[in-house]
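What follows is the residue order along each chain.
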Amino acid sequence: MDFGLTTFPTDTTVGPGELGRAAEEAGFQALLFAEHTHIPVSRETARPGGGDLPQKYWHTLDPFVACTAVATATTTLRMGTGICLVVERDPITTAKEVASVDMISGGRFEFGVGAGWNREEMHNHGTDPDTRFGLMRERIEAMKAIWTQDEPDYHGKHVDFDPIWSWPKPVQQPHPPVLVGGTGPKALDRVLRYGDVWLPNRIAEPGWLQDRIAELRERAGRHFPVTYFGADPTDEFIEAIAEAGVDRALLQLPDKSPDEVLALVEQYAELAARHR
């Protein structure tokens, strides 16, 4: 099994460039960053899993800026979004950001995507939460057209533009891998329609996950890659998701002091070494 790291890049913890160097030196394959553009002060949507919302949610750096810092500080580590809230982003601008980071990194970017959960946050971007999955699909399809065509156009219900010119194009062909997050009833439909990797999160228990992975690969007719987001950093959990068919585990780092985070990178590296 491969191993990577994921975290909220904030203004209160270790910088993304320094964290990227530490992750690469420790032997990790990838570092993925979470995204929230903001958090509404008056919030009605309950946090998934319950409890108060941690401060890190409204202290996050822009993930593409964080990824650029990692790209310039490393040589082999892959970097990406885990996840990018595409329902809160313009697809033409986001397509350029993805392609730009992929070019700067020499083809090491991974585009993790999701529709999000905070309804007030979506409303502030003019997004209707009830139609967000259709919007996400169209924006990703439009971005794929921009990455792969010289004069792309797209005409959908939510996204509509006539032929445009947009460079750079991504280094990775046909485009950086699209990691589709989610564990709901229709998650596999979305993964198979426009994804390259399934990115289930910590809501998915290993026993339940095994059947879903088997279903995914049967429907795909091939070995469809699965990256588990936020794996518990224990031998037992890693063994369980490996048995379920997971290809790569992302271990989540907390929003703590730089020394504490870097110490955890070394600790997680020891765990990963036992299961490679």
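Residues numbered from 1 in each chain as written. Predicted model: local features only at pLDDT ≥ 70, side-chain atom pairs only at ≥ 80, totals over all residues. Heavy atoms only, no water.

A.B. asks: Pulling in residues and values, what's your account of the overall build of the protein chain?
C.D. replies: Scanning the protein chain for helices and strands turns up nine helices and 10 strands. Relative to the compact-globule value of 19 Å for 276 residues, the protein chain shows a C-alpha radius of gyration of 18 Å, a close match. Counting only C-alpha atoms, the protein chain reaches 50 × 40 × 40 Å along its principal axes. Counting over 276 residues, the protein chain shows a buried share of 54%. Long-range contacts, defined here as pairs at least 24 residues apart, represent 70% of the contacts in the protein chain between residues at least 6 apart. When the accessible surface of the protein chain is summed, it comes to about 12,100 Å², and 49% of that surface belongs to carbon and sulfur atoms. Across the protein chain, the 27 positively charged side chains and the 42 negatively charged ones have centroids separated by 3 Å. (Helix = DSSP H or I, 4+ residues; strand = E, 2+ residues; numbered from the N terminus. Rg over C-alpha atoms; globule rule 2.2 N^0.38 Å. Buried < 20%, exposed > 50% of the residue type's maximum accessible area, 1.4 Å probe, protein only. Contact = heavy atoms within 4.5 Å. Areas by Shrake-Rupley, 256 points an atom, 1.4 Å probe, with all protein chains shown as cover. Lys, Arg positive; Asp, Glu negative; His and termini not counted. Charge placed at Lys NZ, Arg CZ, Asp CG, Glu CD.)

A.B. asks: Give me the lowdown on unusual backbone geometry, citing residues and values where you can.
C.D. replies: Put simply, Trp-167 and Pro-168 share a cis peptide bond, and its omega is 5°. Between Gln-173 and the following residue, Pro-174, the backbone shows a cis peptide bond with an omega angle of 0°. Relative to the helices and strands, Pro-174 is located in the loop between β6 (160-161) and β7 (178-181).

A.B. asks: An account of the sheet that holds strand β4 (residues 109-114) is requested, with residue identities and associated values reported.
C.D. replies: Ordered by their spatial adjacency, eight strands build an open sheet running β8-β7-β4-β3-β2-β1-β10-β9, and the pairing between neighbours is parallel. At either end of the open sheet lies a strand with only one pairing partner, and these are β8 (197-199) and β9 (227-231). Along the sheet, successive strands turn relative to each other by an average axial angle of 25°, direction set aside. For strand β1 (residues 2-7) and strand β10 (residues 248-252), the ladder comprises five bridges, and the chain directions are parallel. In the strand pairing of β10, Thr-6 is matched with Gln-252. (Pairing = 2+ DSSP bridges. Axes fitted to C-alpha atoms, helices over the stretch in contact; angles between N-to-C directions.)

A.B. asks: I'd like a rundown of the pairing of strand β2 (residues 30-33), residues and numbers included.
C.D. replies: Here β2 shows two buried faces, one formed by Ala-30 and Leu-32 and the other by Leu-31 and Phe-33. In terms of strand pairing, β1 meets β2 through four bridges, oriented parallel. Following the sheet pairing, Thr-6 is matched in β2 by Leu-32. Running through helix α2 (residues 63-73), the crossover from β2 to the neighbouring parallel element strand β3 (residues 78-85) is right-handed. (Right-handed = clockwise from strand over helix to strand, strands pointing away.)

A.B. asks: Would you mind going over the nonpolar core in detail, with residue names and values included?
C.D. replies: Of all hydrophobic cores here, the largest spans 70 residues; its most connected members are Leu-5, Phe-28, Phe-111, Trp-198 and Leu-251. Apart from residues lying up to four places away in sequence, Leu-5 is in contact with Ala-23, Phe-28, Ala-30, Leu-31, Leu-32, Leu-250, Leu-251, Leu-253, Val-265 and Tyr-268. Leu-32, Val-197, Phe-229 and Leu-250 belong to the second largest nonpolar core, which has seven residues in total. (Core = buried A, V, L, I, M, F, W, Y, C linked by side-chain atoms within 4.5 Å.)

A.B. asks: I'd love a proper account of the layout of surface pockets, names of residues and values included.
C.D. replies: Of the pockets and cavities examined, the largest pocket occupies roughly 970 Å³. Forming the walls of the largest pocket are 31 residues, and the residues nearest its centre are Pro-48, Ile-83, Trp-117, Asn-201 and Ile-203. Of the residues that constitute the lining of the largest pocket, the class distribution is 13 nonpolar, 12 polar and six charged. Approximately 170 Å³ is the volume attributed to the second largest pocket. Secondary-structure elements contributing two or more residues to the lining of the second largest pocket are α5 (132-148) and α6 (187-194). At four residues, α6 tops the list of elements feeding residues into the lining of the second largest pocket. Residue classes in the lining of the second largest pocket are distributed as two nonpolar, one polar and five charged. (1 Å grid on protein atoms, 1.4 Å probe; cavity = no way out; pocket = protein on both sides within 12 Å on 5 of 7 lines; lining within 4 Å. Points joined across faces, edges and corners; volume = space filled by probe spheres on them. Nonpolar A, V, L, I, M, F, W, Y, C, P; charged D, E, K, R; others polar.)

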